[in-house]
Amino acid sequence: MEKKSFMKKLTGSREALLAVILVLLFVVITIISPSFLTFKSLTDMLKNNAVTMVMSLGMLCVMLVGGIDISIMSTLALTGMSIGMLLKYDHISSTFLAFVIALAIGIACGFLVGLVISRADVPPIIATMGFMYIYRAMGYLVSHNGEWASAAALGKFKDFATTKFLGMSLVIWVIIFCYAVFFVFMKWTTLGRRIYAVGSNPSAAEVSGINVKNIKLLVYTIMGLLAGLGGALQVSIYASAMPDMQQGGEMDVIAACVIGGVSMSGGRGTVLGALLGSLILATIAKALPLIPFFDQLWLNTIKGVIILVVVVVNIVLQRTADKNALKGREM
Amino acid sequence: MAGKSGRSINNVPKSPVKQMIFSWEGILVLLFIAVNIFCANFSEFYNLKSLLRQMPVYLAEIFLMLPMAYILVLGEIDISVGSIVCLSATMACIVSNTGAPFIVVILAALLVGTACGAVNAFVLTQFEELPPMIVTLATQIIFRGIAEIVLGNGGSISVTNTEGFSALGGKVGRIPYILFLVLILGIIAAVILGKCTFGRRVYAIGTNRLAAYYSGIHVQKIRFIIYTLMGTISGLCALFLISSSFGANTTTGNGFEMDAIAMAVFGGISSTGGKGNIVGGLISAFIIVCLRVGLGQRNIHPQVILLIIGVLLIGAVGLPNIVKEIQKKAKMAK
Amino acid sequence: MSEYVLELKGITKIFPGVKALNNVQFQLKPGEVHALMGENGAGKSTFIKVITGVHKAEEGEMYLFGQKVDFKGPKDAQEAGIAAVYQHPTSYPHLTVAENIFMGHEIKKNHMIQWKAMNEEANKLLKQLNADFDSTAEMGTLSVAQQQMVEIAKALSTNAKIVILDEPTASLTKRESEELYRIVDQLREKGVSIIFISHRFEDMYRLASRVTVFRDSQYIGTYDVDGITNADLIKAMVGREIKDLFPKPEVKIGDEMLRIEHLSRTGYFKDVSFNVHAGEIVGLTGLVGAGRTEVVESVCGITRPDEGKVYLEGKEVHIKQPSEAMEKGIILLPEDRQKEGLIMSWGLGRNVTLPTISKYAKKGFNDEKTERDLAKKLLEEVDTKAVDIFQPASSLSGGNQQKVVVAKALSQEMKVVIMDEPTKGVDVGAKAEIYAIMGDLAKKGYAIILISSEMPEILGMADRIVVMCNGRKTGELDRGEATQEMILELAMEKGTSGKGAAK
């Protein structure tokens, strides 16, 4: 009986289930390749996935209100390319200033997306598809038609990713900082809860006096901000900026959220879920080359299958739960 | 009991000519003319001859727009088509390199495409609660992933026996086969959607799925057919791609789904379902093709053309909404 | 200080094409429970929305505690101490009960939500209401009754002075209703004034001291509950003797068309059996949620029954899709016209011909000429008040929309027509017309199943009445023997042993 209630708790809480899966993954991979579970290996993994992890937070907000944003990696390329070129041509040299500019460009990009979606009523998929083209092309124009800003051109900026604080790269501290801020924001502030409210029942939110349009504008602006941050991180971690960076990467961010239990129709999803979702994806990517027979080539297929399985299992579980609930109804 | 009050209800439709002029298609036709005048002034090489010569590269994507229009009218979306094109192209190249007759290559491409489409269709009809966006996102990654596995570390394949594909890229006089095929399929798709029972039902599902179901329409059957056909047409698109590039790689068809959606939506087909028609989609597709050819002749980078498409897309969907909003406010003020 | 907590004078609200409220008035005394009654479409809901600031009235004045008020939006009304509990709770299904209660006025300290304090406070409120669930439960997992309790708790948490309950008992069981009565009593003792909308006389007698009646968007009168009889009240609501509303023709009952035997679907209904003959109207009634719609949906293949058999003209049929049901001659005209019955943005003609379009298509091509002619014929047959067949369904009134739904059934040869709440939200005049059409159909030999919650309608139109309660058939009455009291008794939650469980 006790076991059953434990199982129930486990399947009842999406996050607990994901955590168990993550731990199982860790155990299996460590058995196959003991070098996986070392501090260096793990921090490397986080560093390589910093961009996806940070941007999952923005996607969480967007998906909570029932939206989607596929323009984010274009925003990332535009911001990354902008600071790359500014550094390359010595317009700026301060790392701090570079970050500020990246964030500002990101916010502007996100704000514009939010305006088009909330004020002109363009469906999110169409609007962000348009901006995906527009921002990518702008990044390309900024790059003087395809120039790269390579490691040598970036100067001190690339040191950001290699600088350590308390034994960990600054990049990892950025991840921790973002998740901590969002954890508090989404759970403990009224604004965070408004985002949930709008996603859960927009018409009720309207009736209770929440400005739904502004909340939508807000989430896309947050998304833009994080895409700008992602741009700066990307340039710093890989020590180069090019206009086609992270093309198609938005799917990874969406995938992380979906695996983390964020619902596409809005209202459901947590910061913890987004964290676990992106960690699971990162772990699989890291572990695949370690496993015999599989190699990096299999990564995408496995990723896709996992997403498909996760959403289908979700539906099957939901259907059984509904059926069981009906059986309990007295007549 | 007929007509107790003797009321007579009019059933004579209004003149279609008037409706056509003031429709989105009318605007698109004007835009098409404007774009051509612009291109002709912009590039000295831009004329019918050069257009016909350079067009085929861009035409293959129009195939994808046709079934995508059906999916959008259903109020749904399929973002896996680019990956289906990639996988079909890869398989077609492999089959071709085994020395199989060209008809087998064609069948292989279509079959692989159809199978991929059927996978989407199966999942979406069995688990109808799932949003198409998320399912096709997963299959997008899977189909391209399989192509990556098949292609191995090189990541690309070339056809050794180019004879068949060259024939596919042939012309009648100056007009390439593919233009004929695009127009023929376009007309068929337009007629089925606009004039046939099947099309009417697709609109019904896209406007009100529940009411359509209660009215005795096989909603899931129709969805299955359309998603599967989307795959078949992707296979066709793959064949024509190979006929101009004679090979495939892991980025083949990248972003095609977005281009197809953009063509359809710019053509007035609403992504929320139930609105628009293939004619609009075709005109908008040709506007985009002409722009690409015209701007391309003066070495304008494709990215800039994408920027223009992006602006057009957002403007086409957003502006009418803003105008409506302003009109509503003006009415309220009165 | 005025005698009334809330007073409305000369309220007129116009929607495109209709006057939803025409010069109505209303007075609410402090600490009273005031019932608001009237038929569907009489304007009650619109009136409530004017009070809560959702709609803005074109004309009229509203006084709160003697002060003239002018609400710009729902938030103003909330801040002024007016809380509304709707029939379908307007809550956030993904959030917890505590959050739902405190949405908009969270307990905060240093801009941080104090979850612990909020949960405790919510639990306190729930305890006052005798709720059997915790404030950390997810709203979406609760039953409708529980969700309503949360809404009432929300009203308590804002210290509302006026609470509006919009048909709160409509989807509750008898026991749950009793619980609600107790809560309402409790609120009244606290000095809260309550406006109570209900179709059930039982609710009114149990709770209210005064009752105001609206009819056809107009104010009819306010009466003391102790001083008015049932019949007078019905007359005030309906505005005429009920008899002439129901032109039930005498029809010779023919052969059995549809027979349902021991049909069950887990969680929805159990062991339901009844039949219907050609030319007969069988009324299927019971409270909302008794499983009536679910039974006919299973018959039409919209859902699958777990057990039981369906016979059409004596032959067993297995129907898996609504389309199969239609091919065999059974059509369901669903309850929700806007979501299930019609495609609102489409023209009337296309709506009418949607189910049959393939029948006169030529090789898959639509024959638009035939289609238009047929649509005209059918729409005229049901006497739709429309100008042409191209105008969108949304431009019609509820009653005329219902006629279009009926026309859909006429577009092909049918044997059994199932009408689910055909007069819901339809004005009195159009109701009579729909009844007339129903009578004509019976005369033509259709077998008709009429699902309705409205007692007069069932008594007036049905040859036989099948009553359901809580997923089971609790009785079957003949036209001659049936009375309102008998039906109510069968429809209310009681032992399931009632007479004639299977005829």
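This structure is a prediction, so every number in the text was calculated from the model and none was measured. (Residues numbered from 1 in each chain as written. Chains lettered and ligands numbered in written order. Predicted model: local features only at pLDDT ≥ 70, side-chain atom pairs only at ≥ 80, totals over all residues. Heavy atoms only, no water.)

A. Representation of the sheet that holds strand 16 (residues 307–312) of chain C within the structure. Residues and elements named next belong to chain C. If you walk across this open sheet you meet the four strands as 14-13-16-17, and the pairing is antiparallel. The open sheet terminates on both sides in strands that have one partner only, identified here as strand 14 (269–277) and strand 17 (315–317). Strand-to-strand twist across the sheet, computed as the mean angle between neighbouring axes with direction ignored, equals 20°. When strand 13 (residues 256–265) meets strand 14, the two strands line up antiparallel, connected through six bridges. Across the sheet, the residue bridging to R265 is F269, located in strand 14. (Pairing = 2+ DSSP bridges. Helix = DSSP H or I, 4+ residues; strand = E, 2+ residues; numbered from the N terminus. Axes fitted to C-alpha atoms, helices over the stretch in contact; angles between N-to-C directions.)

B. Quick peek at the sheet that holds strand 18 (residues 330–333) of chain C. All names here are of chain C. Strand order in this open sheet of six strands is 18-19-20-15-21-22, and the pairing throughout is mixed. Edge positions in the open sheet fall to strand 18 and strand 22 (472–478), since each of these has one partner strand only. Strand after strand, the sheet turns through a mean of 20° between neighbouring axes, direction not considered. As defined by bridge partners, strand 19 (residues 416–420) adjoins strand 20 (residues 447–451) across five bridges and the pair is classed as parallel. Each residue of the ladder has a partner; that of V416, found in strand 20, is A447. Each of strand 15 (281–285), strand 21 (464–469) and strand 22 touches helix 17 (residues 484–491); the most contacted strand, strand 21, lies at about 30° to it. (Contact = heavy atoms within 4.5 Å.)

C. A look at the interface of chain A and chain C. On the chain C side, the residues contacting the 26 residues of chain A number 28 residues. Regarding the contact of chain A and chain C, the summed buried area is about 2,400 Å², with carbon and sulfur atoms giving 57% of it. At the junction of chain A and chain C, the tally comes to three salt bridges. When the shortest N-O distance is used, the salt bridge between R268 of chain A and E138 of chain C registers 3.3 Å. In this assembly, chain A and chain C are joined by nine residue pairs in polar contact (both at pLDDT 80 or more). Mapped onto the side of chain A that touches chain C, the elements with two or more residues apiece are helix 10 (170–188), helix 11 (190–200), helix 12 (202–207) and helix 16 (299–327) of chain A. Residues belonging to the side of chain A that touches chain C are distributed by class as follows: ten nonpolar, eight polar and eight charged. (Buried area = accessible area lost by both parts, 1.4 Å probe. Salt bridge = Lys/Arg side-chain N within 4 Å of Asp/Glu carboxyl O. Polar contact = N/O pair within 3.5 Å; in protein donor to acceptor, adjacent residues only side chain to side chain. Nonpolar A, V, L, I, M, F, W, Y, C, P; charged D, E, K, R; others polar.)

D. Quick peek at the confidence of the model for chain C. All names here are of chain C. In this model, chain C carries a mean pLDDT of 85, and residues with pLDDT of at least 70 account for 93%. Counting contacts from residues 495–503, a segment whose pLDDT is below 50, to residues more than four positions away or on other chains yields 16 contacts. Both scores are given for the predicted complex: the pTM is 0.89, the ipTM 0.88. (pLDDT = per-residue confidence, 0-100.)

E. Highlighting the UniProt feature "coiled-coil region" (unreviewed entry) in chain C. As annotated in UniProt, the feature "coiled-coil region" (unreviewed entry) corresponds to residues 112–139 of chain C in the numbering used here. Each end of residues 112–139 of chain C is marked by a C-alpha atom, and these two atoms are 22 Å apart; helix forms 50% of the span and strand 7%. (UniProt positions renumbered as here; feature names shortened; annotations may be inferred.)

F. Molecular detail of a nonpolar patch on the surface. A contiguous nonpolar surface patch, about 560 Å² in accessible area, is contributed by V172, I175, Y177, F180, I184, I188 and I192 of chain B. Here the element with the most residues in the nonpolar patch is helix 9 (residues 177–195) of chain B; it accounts for five residues. (Patch = residues over 30% accessible without salt bridge, like charges linked within 9 Å, V, L, I, M, F, W, Y side chains within 5 Å. Areas by Shrake-Rupley, 256 points an atom, 1.4 Å probe, with all protein chains shown as cover.)

G. The arrangement of the UniProt feature "transmembrane region" (unreviewed entry) in chain A in detail. Residue and element names in this part refer to chain A. In the UniProt entry, the feature "transmembrane region" (unreviewed entry) is given for residues 16–37, 57–84, 96–118, 124–144, 165–186, 217–241, 253–285 and 297–317. End C-alpha atoms of residues 96–118 are separated by 32 Å, and the span's content is 100% helix alongside 0% strand. Helix makes up 90% of residues 297–317 and strand 0%, whereas the separation of the span's terminal C-alpha atoms amounts to 31 Å.

H. A positive patch on the surface, seen in detail. A surface patch of positive charge is lined by R119 and K213 of chain A together with K328 and K329 of chain B. Secondary-structure assignment places K213 of chain A in helix 13 (residues 212–238). (Lys, Arg positive; Asp, Glu negative; His and termini not counted. Charge placed at Lys NZ, Arg CZ, Asp CG, Glu CD.)

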